[in-house]
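Breakdown of the fold
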Amino acid sequence: MRLLNLNRIFALLLIVFSSYKVVAQDENTGDDDNESQSMEKKGFHFGLFVGPYWANKSTAYLYDGHGLDANGNENEFANSLIYNKIINEYGGGYGQPDQIATALGVDASNSGGNTWHFTASDMPQNMHYTINFLVGLNMRYSVDKHSAIILNVNASKLKLNGNFTITTDANPSQNQLTPTVNTFSIIGQEQRMMFQFGFNRILGNNKRVNFFLEGGLNATLAKFDKNFIQINNLTIDLTSTYIPPNSSVYPSQIYFPKHIGIGFGAFASGGLNITMSPKWTVQLLYSPTYDKINIGPTPSYKIQHSCGFRGYYNF
């Protein structure tokens, strides 16, 4: 339903563009010289785009350390990626040294058992995408002095952050009378590439500066890239596979899907079109997209935001 509403909005914009053209022609009859100098010439224009990109947080949960099982469902705590790494692999399981205790600076060999604890309540919280940068190659073909067909290819390497905790026992010898809750970082990395095809309309006949609007179809290729945790100086890759010695488990039985997929939607942009010279044009724009980031078990349509600077060279 939302996608249908968005299509109606684009249709309305196209009607507005067409109406504006008729009005502009009526207002500028007999002023052909001014109009001929105000807009870029017909033909192919190639350019670059750069600007900040705000990803919707709906897919951030994929990086919270739970991981997915073979059926695409989120793992329970005892089967989670982060539990397997902290408790089983790095926390003294499989007969290995307790690297977690070493990283925390505590003694795990006393008769009372481990001096650190990681439970379900310590799982990562507040996973979110940071502000990232979007860069791309953009092209347009001007069919007249106000209208153009556009093709954009933009890409971004996204980073995510969140926190998890590990509790260490009280240590009276160091004047620590109560347990200490230690907070550490969990980090994710994701790659996205966006392909956009649409229509651009410049509004006005000023020689240098005019508003513009554009819109069209958007396809986003997304790939889950990295996921790791940092415990002081110890970095643990959550997506690596470790098979303990003498284990009956084979690597093929360790399930970690490398999420990758392409989703479709729509985009719209608006801003200022500035003619610097007959050869160079720059644009300042805001450009939201309404698309599906097709990774994970339940992708859905969400709004992503970007803004930035675009420069065209007019051939």
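Quick note: structure is the one above.
In this text the structure is predicted, and so the values were computed from the model without any measurement. (Residues numbered from 1 in each chain as written. Predicted model: local features only at pLDDT ≥ 70, side-chain atom pairs only at ≥ 80, totals over all residues. Heavy atoms only, no water.)

Overview of the overall build of the chain
For the chain, the helix and strand inventory stands at four helices and 12 strands. Long-range contacts, defined here as pairs at least 24 residues apart, represent 71% of the contacts in the chain between residues at least 6 apart. Just so you have it, the chain exposes about 16,400 Å², and 58% of that area is on carbon and sulfur atoms. (Helix = DSSP H or I, 4+ residues; strand = E, 2+ residues; numbered from the N terminus. Contact = heavy atoms within 4.5 Å. Areas by Shrake-Rupley, 256 points an atom, 1.4 Å probe, with all protein chains shown as cover.)

Considering the packing of aromatic side chains
Counting across every chain of the model gives nine aromatic pairs. Between Tyr 63 and Phe 224, the ring centres sit 4.4 Å apart and the planes meet at 0°, which makes this aromatic pair stacked. Separated by 161 residues along the polypeptide, Tyr 63 in the loop between strand S1 (43–54) and helix H3 (81–89) and Phe 224 in strand S7 (residues 209–231) bring together distant segments of the chain. The burial state of Tyr 63 is the same as that of Phe 224; both residues are buried. Note on Phe 118 and Phe 164: the rings are 6.4 Å apart at their centroids and 85° apart in plane angle, and the pair reads as edge-to-face. (Phe/Tyr/Trp six-rings, centres within 6.5 Å; stacked < 30°, edge-to-face > 60°. Buried < 20%, exposed > 50% of the residue type's maximum accessible area, 1.4 Å probe, protein only.)

Structural notes on the pairing of strand S12 (residues 301–314)
Taken residue by residue, a regular strand's side chains alternate between the two faces of the sheet. In this structure, S1 lies alongside S12, joined through eight bridges in antiparallel fashion. Pairing of Tyr 53 across the sheet is with Ser 306, part of S12. Relative to S12, strand S11 (residues 289–292) runs antiparallel, the two being bridged by four bridges. Bridge pairing in S12 links Tyr 290 to Ile 303. (Pairing = 2+ DSSP bridges.)

Description of the side chain of Thr 281
With respect to the helices and strands, Thr 281 occurs in strand S10 (residues 280–286). In this structure Thr 281 comes out as buried when scored by relative accessible area, which is 0%. Within the structure, the side chain of Thr 281 is placed 3.3 Å from the side chain of Asn 314, a separation counted as a polar contact. (Polar contact = N/O pair within 3.5 Å; in protein donor to acceptor, adjacent residues only side chain to side chain.)

Considerations on the pattern of salt bridges
Per the stated rule, a full pass over the model turns up three salt bridges. The shortest N-O distance in the salt bridge between Glu 89 and Lys 85 comes to 2.9 Å. With Glu 89 and Lys 85 both in helix H3, this residue pair falls four residues apart, about one helical turn. In this pair, the class of Glu 89 matches that of Lys 85, namely buried. Across the salt bridge formed by Glu 214 and Arg 310, the nearest N and O atoms sit 3.1 Å from each other. Of this pair, Glu 214 sits in strand S7 while Arg 310 sits in strand S12, and the two are 96 residues apart along the sequence. With respect to burial, Glu 214 and Arg 310 carry one shared label: buried. (Salt bridge = Lys/Arg side-chain N within 4 Å of Asp/Glu carboxyl O.)

Focus: the environment of Leu 285
When you line up the elements, Leu 285 lands in strand S10. Sequence spacing of Leu 285 and Asn 273 is 12 residues, and the spatial spacing of their C-alpha atoms is 8.6 Å. Those residues in contact with Leu 285 that sit more than four places away from it in its chain are Phe 49, Phe 212, Glu 214, Ser 269, Gly 270, Gly 271, Cys 307, Gly 308 and Arg 310.

A short note on unusual backbone geometry
Here the phi dihedral of Asn 126 falls at roughly 55°; this positive angle occurs in a residue that is not glycine. Topologically, Asn 126 is positioned in strand S3 (residues 125–129). One non-glycine residue with positive phi stands out, namely Asn 232, at about 50°. Taking relative accessible area as the criterion, Asn 232 reaches 42% and is therefore assigned partly exposed.

With respect to the pairing of strand S9 (residues 260–275)
The pairing of S7 with S9 spans 15 bridges and is antiparallel. What sits directly across from Glu 214, in S9, is Ser 269. As paired elements, S9 and S10 share six bridges and run antiparallel to each other. The partner of Leu 272 across the bridge, within S10, is Leu 284. Hairpin geometry of S9 and S10 is characterised by an intervening segment of four residues between the two adjacent antiparallel strands.

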